[in-house]
Amino acid sequence: MTVLKRYVLRLFISLKYITANVVDGKNGRIVATASTVEHAIKNSLECGRSCNAKAATIIEEVLAMRLKVEGLEQGQGRAIHVAVNKEVEKKGFKSRTKVWAVVNALKNNGVKVVLEDGDNPSQPSY
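Definitions and limits used
- Residues numbered from 1 in each chain as written.
- Predicted model: local features only at pLDDT ≥ 70, side-chain atom pairs only at ≥ 80, totals over all residues.
- Heavy atoms only, no water.
- Helix = DSSP H or I, 4+ residues; strand = E, 2+ residues; numbered from the N terminus.
- Buried < 20%, exposed > 50% of the residue type's maximum accessible area, 1.4 Å probe, protein only.
- Polar contact = N/O pair within 3.5 Å; in protein donor to acceptor, adjacent residues only side chain to side chain.
- Contact = heavy atoms within 4.5 Å.
- Core = buried A, V, L, I, M, F, W, Y, C linked by side-chain atoms within 4.5 Å.
- Pairing = 2+ DSSP bridges.
- Salt bridge = Lys/Arg side-chain N within 4 Å of Asp/Glu carboxyl O.
- Expected span 1.5 Å × (residues − 1).

Caption draft 1: The side chain of Thr19, seen in detail. When you line up the elements, Thr19 lands in strand β2 (residues 18-24). Judged by its relative accessible area of 19%, Thr19 falls in the buried class. Engagement of the side chain of Thr19 in a polar contact is seen with the side chain of Ser35, the distance being 2.8 Å. In this structure Thr19 touches Arg10, Leu11, Phe12, Thr33, Ala34 and Ser35, once residues within four positions along its chain are discounted.

Caption draft 2: Representation of the nonpolar core. One finds Leu9, Val22, Leu63 and Leu67 to be the most contacted residues of the largest nonpolar core, which totals 32 residues. When contributions to this core are tallied by element, the ones reaching two or more residues are β1 (7-13), β2, β3 (30-35), α2 (53-70), β4 (80-83), α3 (84-91), α4 (96-108) and β5 (113-117). Examining the composition of this core, we find that 7 residues originate from one element, α2, more than from any other.

Caption draft 3: Here's a closer look at the environment of Arg10. Topologically, Arg10 is positioned in strand β1. Under the relative-accessibility criterion, Arg10 is labelled partly exposed at 26%. C-alpha of Arg10 to C-alpha of Ala20: the two residues are 10 residues apart in sequence and 5.8 Å apart in space. Leaving out residues up to four positions away in the same chain, Arg10 has contacts with Thr19, Ala20, Asn21, Val23, Lys86, Glu87 and Lys90.

Caption draft 4: Quick peek at the pairing of β4. Covered by surrounding structure in β4 are Ile80 and Val82 together with His81 and Ala83, the residues of both alternating faces. Strand direction decides the pairing type here: β1 and β4, joined by 2 bridges, are parallel. Bridging across to β4, Tyr7 finds its partner in Ile80.

Caption draft 5: How the structure looks around the pattern of salt bridges. Applying the stated rule across the entire model yields 2 salt bridges. Between Asp24 and Arg6 there is a salt bridge, and its shortest N-O distance comes to 2.8 Å. You can see Asp24 sitting in strand β2 and its partner Arg6 sitting in the segment before β1, a full 18 residues away along the chain. Overall, Asp24 belongs to the buried group, its relative accessible area being 2%.

Caption draft 6: Examining α4 more closely. Taking 1.5 Å of rise per residue, the 13 residues of α4 would be expected to cover 18 Å, and the 18 Å separating its terminal C-alpha atoms lies within 8% of that figure. Those residues of α4 not exposed but buried are Lys98, Val99, Ala101, Val102, Val103, Ala105 and Leu106. Of the residues flanking the end of α4, it is Gly110, one or two places downstream, whose phi is positive at about 85°.

So yeah, pure geometry; function would need other evidence.
Listed below in structure tokens is the structure:
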């Protein structure tokens, strides 16, 4: 069974910044974004030279609010797909806690998230 991945979470993690984008898989358009680069978010964090899991959690809380404004948090079967293993491999093992902080913050803020393990997507988890 092929699962249409309409909305996909993409993470960009560096030593200084965390950016999370939700991308529409149909047309490649970014529908919601949040980043520690944003002035309002940057001033509320005390990251210093590095952003930690706390910063990742705050980013995802902001992203969850923006998804709710767009009407995509529960969205008629339009869950946000997250390939956790791919994101951890891409970011490196040390960023594992940040990736999971992002996923857990989305789930805790009421966003429907589908966790994927390799090529076999798991059932939606709320």
